[in-house]
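# Results of the structural survey
The lines below spell out each chain.
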Amino acid sequence: MIDGAASTLAALVGELASERPPRYAALAARIRLLIADGRLAVGIRLPAERELASALQLSRTTVTAAYRRLREDGWANARHGAGTWTSLPAGTAYGAWAPALPTAGVLDLAHAAPAAPPEIVTAFTAALADLPRLLPGHGYYPAGLPELRARVAQLYTSRGLATTPEQILITAGALNGITVALEVLIGPGDRILIEHPSYPNALDAIRASGARAVPVAIDAADPAAVAADITRVARQTSPRLAYLMPDFQNPTGLLLDAEQRGRLAAGLHGSGTVALVDETLVELGLDITPAAPLAAFARADLAVTVGTLSKTFWGGLRVGWLRAEATLIQRLTAAAVRAQLSGPVLEQLAACHLLDAAEATLRAHRDRLRAQRDSLVCALGAALPSWQVPVPPGGLVLWCRLPAPISNALVDAVRRRGLRLAAGPRFGAGHAFADRLRLPYTQPIDVLRRAVEILAAVAGALPATDPGFAPSRLVV
Ligand SMILES: Cc1ncc(COP(=O)(O)O)c(C=O)c1O
């Protein structure tokens, strides 16, 4: 929406005549929905009451009451003499989103974290044999082991983005890279554009950074709209950073092609927004290989890329990295060192061996994931035919649309039957996605089938309530 354009908002709100009275509550609910799913950006001015009333053919009192309701519920705030501005209510404080300890008899599909391949042991055996040559030194490598930085730089160069080792900082996984980048690039009150839905731990890190999240609704079925929508919202809100996953987005599976990446980078260039590109899932193309990194399309100082070995090899490695201009990498290293002087050497040596033999390991990993994905899709189709289950071309998860907003209730109910899942609202910045469920296909096929049996056994018995906008009921 163009700031202040009453007719644009009126078109988005649509016809209210069929809604249950009072009319002001229906109008507030429609606007709330537009903010929650990102069609209306956070932090923009709503049209003047008189203009919106005229565009919607409602009385001004109705619009005044609707705006008041939005303000009371946290979806808008008033700025003295400057109108009413969209905002997000605080939402549920979920706390840390970390995998639970394995429990006998419990199926854990709350996190998309594959088991380690056998090559991990081979890599650590080779790393141990390597270690003696490094033992005479002090063992501190604040930006990472030089040979690992060189290998990661080579990975980017081979993907079409020329990179030197000085442009790489080794981190303790992708999330660590994200928090280091936020620490350096974000100041209090800055805005960060996020895809909506998005990866919960990054959302949590963004919240903790003091930045304001500006959600943009994305739809994996419509990747062509993503660049235009993000560009529009970036122009309206001038975010400092945009946290993006162009390769099998978590949780939607969205994949942008080269042309879409080019348009997205050009759009962010227009608002001077730095793209913080999370490539955690980039190696997990099951039906397709992604285009060159988004950073290859962006101005060098407007792209920071995050990578990790957690999903390609194993989360237990805790090896990831940041890629940026060499001068920025120096600032990022200074920030990283404040929390951790240097990463573990043996893990980094093992990472070098894993990368050297990556092709065969990854081929087997992708084959396994493809078979698991297909079998989960098939089981869901047979047992829960009313669910919409788009098949992502890669990544680790399905993002299912449920026939009613029952995600939280469903997750509660299956937990009592020994199945752990993450409900849709986990992936939202406000109170959206009560009708979505993320299902990882990282477990063996028999576990996935058992999970579908449990889901099917409880799904039909749940009342089709709408807890989406009642924060007190958003319990995972
Ligand atoms: C999109 C995305 N980014 C980052 C991470 C965190 O990765 P790491 O374990 O390397 O910190 C995950 C893990 O699930 C993820 O899905």
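Residues numbered from 1 in each chain as written. Predicted model: local features only at pLDDT ≥ 70, side-chain atom pairs only at ≥ 80, totals over all residues. Heavy atoms only, no water.

### Looking at the pairing of strand β14 (residues 436-440)
Burial within β14 is extensive, with five of its five residues counted as buried. By the alternation rule, side chains of β14 split into R436, R438 and P440 and L437 and L439, which are all buried. Where strand β11 (residues 397-401) and β14 come together, five bridges link them in antiparallel fashion. The residue of β14 that forms the bridge with W399 is R438. The pairing of strand β13 (residues 422-423) with β14 spans two bridges and is antiparallel. Within β14, the position partnered with A423 by the bridge is L437. (Buried < 20%, exposed > 50% of the residue type's maximum accessible area, 1.4 Å probe, protein only. Helix = DSSP H or I, 4+ residues; strand = E, 2+ residues; numbered from the N terminus. Pairing = 2+ DSSP bridges.)

### Concerning the environment of R207
When you line up the elements, R207 lands in helix α8 (residues 200-208). Judged by its relative accessible area of 41%, R207 falls in the partly exposed class. Sequence separation between R207 and I192 is 15 residues; the distance between their C-alpha atoms is 9.7 Å.

### Regarding the domain arrangement of the protein chain
Per the domain assignment, the segments making up the protein chain are domain 1 (6-86), domain 2 (107-112 + 360-473) and domain 3 (119-356). Carbon and sulfur atoms make up 62% of the surface buried where domain 2 meets domain 3, a total of about 2100 Å² over both sides. Broken down residue by residue, the surface that domain 2 buries against domain 3 is led by T361, P393 and F427, which jointly contribute 26%. The shortest N-O distance in the salt bridge between E283 and R366 comes to 3.6 Å. At the boundary of domain 2 with domain 3, the tally comes to ten residue pairs in polar contact (both at pLDDT 80 or more). Broken down by secondary-structure element, the contributors of at least two residues to the side of domain 2 that touches domain 3 are α13 (358-383) and β11. In terms of residue count, the dominant contributor to the side of domain 2 that touches domain 3 is α13 (seven residues). Across the side of domain 2 that touches domain 3, the residue classes tally to 13 nonpolar, six polar and five charged. (Domains from an automatic or database assignment. Buried area = accessible area lost by both parts, 1.4 Å probe. Salt bridge = Lys/Arg side-chain N within 4 Å of Asp/Glu carboxyl O. Polar contact = N/O pair within 3.5 Å; in protein donor to acceptor, adjacent residues only side chain to side chain. Nonpolar A, V, L, I, M, F, W, Y, C, P; charged D, E, K, R; others polar.)

### Concerning the site of the ligand
All residues adjacent to the ligand are G173, A174, L175, Y199, M245, N250, D278, T280, T308, S310, K311 and R318. Between an oxygen atom of the ligand and a side-chain N or O atom of T308, the distance comes to 2.7 Å. Residue R318 places a side-chain N or O atom 2.9 Å away from an oxygen atom belonging to the ligand. Bound to the protein, the ligand loses 91% of the 400 Å² it would expose on its own. Residue composition of the shell around the ligand, by class: four nonpolar, five polar and three charged. (Near = heavy atom within 4 Å. Areas by Shrake-Rupley, 256 points an atom, 1.4 Å probe, with all protein chains shown as cover.)

### Observations concerning the packing of helix α9 (residues 223-237) against helix α10 (residues 258-271)
For any two helices packed against each other, the geometry is given by the interaxial angle and the distance between the axes. The contact between α9 and α10 brings their axes to 9 Å, and the two run at 0°. The pairing of α9 with α10 is recorded here as roughly parallel in orientation. Of α10, the residues touching α9 (which contributes P223, A224, A227, A228, I230, T231 and A234) are Q260, R263, L264, G267, L268 and S271. (Axes fitted to C-alpha atoms, helices over the stretch in contact; angles between N-to-C directions. Parallel < 35°, antiparallel > 145°, perpendicular 65-115°, else oblique. Contact = heavy atoms within 4.5 Å.)

### Notes on the sheet that holds strand β10 (residues 320-323)
Spatially, the seven strands line up as an open sheet ordered β4-β10-β9-β8-β7-β5-β6, and their pairing is mixed. Single-partner strands in this sheet number two, and they are β4 (168-171) and β6 (212-217). On average, each strand axis in the sheet is tilted by 20° relative to the strand beside it, whichever way the strands run. By the bridge criterion, four bridges tie β4 to β10 in an arrangement that is antiparallel. Looking at the pairing, L169 lines up with L322 of β10. Contacting β5 (191-196), β6 and β7 (241-244), α8 crosses the sheet at an angle of about 160° to β5.

### A look at the sheet that holds β14
Reading across the sheet, the three strands line up as β11-β14-β13 and stay open at both edges, with antiparallel pairing between neighbours. The sheet terminates laterally at β11 and β13, the two strands that pair on one side only.

### Topic: α13
Between its first and last C-alpha, α13 extends 37 Å over 26 residues, near the 38 Å set by a 1.5 Å rise per residue. For α13, the full list of buried residues reads A358, T361, L362, H365, L369, Q372, R373, S375, L376, V377, A379 and L380. (Expected span 1.5 Å × (residues − 1).)

### Comments concerning the packing of aromatic side chains
Counted by the stated rule, this structure contains two aromatic pairs. What links up through ring pairs into an aromatic cluster is the set W399, F427 and F433. Directly above the ring of Y156 sits R323, whose terminal nitrogen or CZ lies 5.9 Å from the centroid. (Phe/Tyr/Trp six-rings, centres within 6.5 Å; stacked < 30°, edge-to-face > 60°. Lys NZ or Arg CZ within 6 Å of the ring centre and 35° of its normal.)

### Some details on the pattern of salt bridges
This model, assessed by the stated rule, comprises 22 salt bridges. Note that R60 and E49 form a salt bridge whose closest N and O atoms lie 3.7 Å from each other. Placement of R60 in helix α4 (residues 60-72) and of E49 in helix α3 (residues 49-56) is noted, with a sequence separation of eleven residues between them. You can call R60 partly exposed: its relative accessible area is 47%. Close ionic contact of D204 with R207 constitutes a salt bridge, the shortest N to O distance being 3.4 Å. Separated by three residues within a single helix, D204 and R207 lie in helix α8, roughly one turn from each other.

### Thoughts on the nonpolar core
Within the largest apolar cluster, 85 residues are counted, with the highest numbers of intra-cluster contacts made by I31, Y243 and L332. With near-sequence residues (within four places) excluded, I31 lies in contact with L9, V13, L40, L46, L52, Y67 and L70. (Core = buried A, V, L, I, M, F, W, Y, C linked by side-chain atoms within 4.5 Å.)

### Quick word on the packing of helix α1 (residues 6-13) against α3
As a packed pair, α1 and α3 sit with axes 9 Å apart at the nearest point and diverge in direction by 50°. Of the possible angle classes, the one that applies to α1 and α3 is oblique. By crossing handedness, the relation of α1 to α3 is classed as right-handed. Contacts between α1 and α3 involve A6, S7, L9, A10 and V13 on the former and, on the latter, E51, L52, A55 and L56. Of the residues that constitute the contact of α1 with α3, the class distribution is seven nonpolar, one polar and one charged. (Left-handed = near helix turned anticlockwise from the far one by under 90°.)

### So, the pairing of β7
Side chains of β7 alternate between two faces, with L241 and Y243 and A242 and L244 buried alike. Note that β5 and β7 share three bridges and pair parallel. In the strand pairing of β7, I194 is matched with Y243. In this structure, β7 lies alongside strand β8 (residues 274-278), joined through four bridges in parallel fashion. When the sheet's bridge partners are listed, Y243 is paired in β8 with L276. Each parallel crossover has a hand, and for β7 linked through α10 to β8 it is right-handed. (Right-handed = clockwise from strand over helix to strand, strands pointing away.)

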